[in-house]
Protein chains: 2
Amino acid sequence: MKEYIPMIEEALAAYIPRGDYGEQRLIDAAEYSLKLPGKRVRPALTLAFCELCGGEVEKALPYACAVEMIHTYSLIHDDLPCMDNDDYRRGQPSNHKVYGEDIALLAGDALQSMAYAAMLSDQAVQAVGAENAAKAAKILAEKSGLLGMVGGQTIDLMSEGKKPDLDTLRVMDEKKTACLIEAACMMGCICAGADDNRIHAAERYAHAVGLAFQIVDDILDVTSTTDELGKPVGSDRDNEKSTYVALMGIEKCRQLADELTDEAIGALSAFDGDTKPLADFARALANRKK
Amino acid sequence: MKEYIPMIEEALAAYIPRGDYGEQRLIDAAEYSLKLPGKRVRPALTLAFCELCGGEVEKALPYACAVEMIHTYSLIHDDLPCMDNDDYRRGQPSNHKVYGEDIALLAGDALQSMAYAAMLSDQAVQAVGAENAAKAAKILAEKSGLLGMVGGQTIDLMSEGKKPDLDTLRVMDEKKTACLIEAACMMGCICAGADDNRIHAAERYAHAVGLAFQIVDDILDVTSTTDELGKPVGSDRDNEKSTYVALMGIEKCRQLADELTDEAIGALSAFDGDTKPLADFARALANRKK
């Protein structure tokens, strides 16, 4: 999966325009967050699923970049003082600490529109066909919107200090985290012209991987050391956040993460191609130490 | 043009989903701003240009709604404390005064994705064809994004206290105001399957109408009474804002507004249908008293 990263970062950089007038600061702000070092998990999944379905990865690049633009906008807005009020992101000052809250807000807004402009550019539409371009962009819009990612962020906000139960926690993570990963994987299949059967298998894989990711996150917050994790451990407990570990205990969490990883790998049986990289990715995510 | 309003408001309301979980507050917030009484100028223009090009207005409704969703998200974010910090919008408490800054931010984000989900829904794509759906959504993404509306908002922010010259003022208004009106008019033509010649004529009409609108706004801020305008007059001068009136004087402003209105009406000659409603609309905008 890592082999895709240089290609993704090159493509992302190419979407940064030159400002013709006074909007250069907005462009700088969008570029700053888009170029922060990251694992590029979501765009890599888009490319991997495109390749698995026999498509040319280049054709999926605009869609891979789009999902990273959406992810990036959500991080910028998440860090704002009226949300999580985080001063750092990926080890660097968060967008509003560098550019101010007003520009950070607008940079997030502009990254969202940039995602759709990328997916629906003449070149992108020609590469995958108008039907598939529209279908992919619709899925990203739905999965990132009111009933998807942004809905999940809302559930998170609304359950602050309320200790949500396991069902609420699960729905929140499905929306907040899994939905965007689902869009990433589904769009990869769509770019390759895959049928609905495979698109839905990609959705199941992403759903399981997304939930496992959150559960492992909770486990690491308890079991890891600050050195290993690169951020303070025990922050969930200190913030009195409801977590899988607090609700189920570590043992059951481990077991659930393993089950979800098996579920993800099982979903890959719908594909004929080489599924090993995606199976390995699911396993690596579940067994990660940070 | 007013005849379109009930149809638009009905269609907008139909896009408000029911939340399956804790995101109901987000949905309420999005609905609140979407339903604030407004003139619905942009979506009415989408429908009017669709009709002028011989298309069925129903087919253009998702695109009309989308442009209103984008407009609404921009108003919600504009009113936030880190931006203009406005407590009122269209005579009602602004979104963050009712729902809090965090939910208002997310409601704006969700309205933006809702716009693309509306334009790229299976039904919308079937009605206008995938090529046209992708083309329309791309134009809205570009006109509302980094080099369009959001870029214009940035130029506005960056020129605070700087007394921009006439060129900067014009570019700012082209981006901040005219771009979204251009998208509205162009999308109407695209929904009717119009050729590029007519799409560009619609863009020219919208560009002139958008600029004239801003200039008349500046004139009214000086010449109107608070009663007529429904908001305090002289606020631009009090806020030390650079305006067309301050830079050119009222007489030249009036003249420029008239020239732009003639330009808008001239652009309509590219169309065979009944252009009177759109010509009347341009005149009414230039001669409005509030």
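Coordinates for the structure precede this section.
First, a word on scope: everything that follows refers to the structure included in this document. (Residues numbered from 1 in each chain as written. Chains lettered and ligands numbered in written order. Predicted model: local features only at pLDDT ≥ 70, side-chain atom pairs only at ≥ 80, totals over all residues.)

**Some points on the overall build of chain A**
- Helix and strand counts for chain A stand at 16 helices and two strands.
- Whereas a compact globule of 290 residues would reach a radius of gyration of roughly 19 Å, chain A reaches 19 Å, a difference of no more than 12%.
- The principal-axis extents of the C-alpha atoms in chain A amount to approximately 50 × 50 × 35 Å.
- Long-range contacts, defined here as pairs at least 24 residues apart, represent 71% of the contacts in chain A between residues at least 6 apart. (Helix = DSSP H or I, 4+ residues; strand = E, 2+ residues; numbered from the N terminus. Rg over C-alpha atoms; globule rule 2.2 N^0.38 Å. Contact = placed C-beta atoms within 7 Å.)

**Looking at the relation of the copies chain B and chain A**
- For the pair chain B and chain A, the best superposition has an RMSD of 0.0 Å and corresponds to a rotation of 180° with a translation of 0.0 Å parallel to the axis. Taken together, the rotation and translation describe the operation of a two-fold axis.
- The residues that chain B uses at the interface reappear at the interface of chain A in 100% of cases, marking a shared surface. (Least-squares fit on C-alpha atoms with pLDDT ≥ 70 in both.)

**Re unusual backbone geometry**
Residues and elements named next belong to chain A.
- Residues other than glycine seldom take positive phi values, yet R40 does so here, at roughly 55°.
- The topology assignment puts R40 in the loop between α2 (24–34) and α3 (41–52).
- Unusually for a residue other than glycine, R90 sits at a positive phi of about 50°.
- Positionally, R90 belongs in the loop between β1 (88–89) and β2 (92–93).

**Observations concerning the nonpolar core**
- Counting residues in hydrophobic clusters, the biggest one holds 201 residues, and the most contacted among them are A137 of chain A together with A137 of chain B.
- Excluding its chain neighbours within four sequence positions, the residues that come into contact with A137 of chain A are Y116, M119 and L120 of chain A together with Y116, L120 and A137 of chain B. (Core = buried A, V, L, I, M, F, W, Y, C linked by C-beta atoms within 7 Å. Buried ≥ 20, exposed ≤ 12 C-beta atoms within 10 Å, placed from the backbone.)

**Some details on the packing of helix α9 (residues 149–158) of chain A against helix α6 (residues 101–119) of chain B**
- The interhelical angle for the contact between α9 of chain A and α6 of chain B, taken along N-to-C directions, is 165°, at an axis separation of 10 Å. If you check the angle between α9 of chain A and α6 of chain B, you find them roughly antiparallel. You can see that α9 of chain A and α6 of chain B cross each other, and the crossing is left-handed. On α6 of chain B, the residues that touch V150, Q153, T154 and L157 of chain A of α9 of chain A are D102, I103, L106, D109, A110 and S113 of chain B.
- Split by residue class, the contact of α9 of chain A with α6 of chain B holds five nonpolar, three polar and two charged. (Axes fitted to C-alpha atoms, helices over the stretch in contact; angles between N-to-C directions. Parallel < 35°, antiparallel > 145°, perpendicular 65-115°, else oblique. Left-handed = near helix turned anticlockwise from the far one by under 90°. Nonpolar A, V, L, I, M, F, W, Y, C, P; charged D, E, K, R; others polar.)

**Section: the interface of chain B and chain A**
- In this complex, chain B contributes 49 residues to the contact, which on the side of chain A involves 49 residues.
- Across the side of chain B that touches chain A, the residue classes tally to 29 nonpolar, 12 polar and eight charged.

Fair warning: the whole summary comes from geometry, so function is off the table for now.
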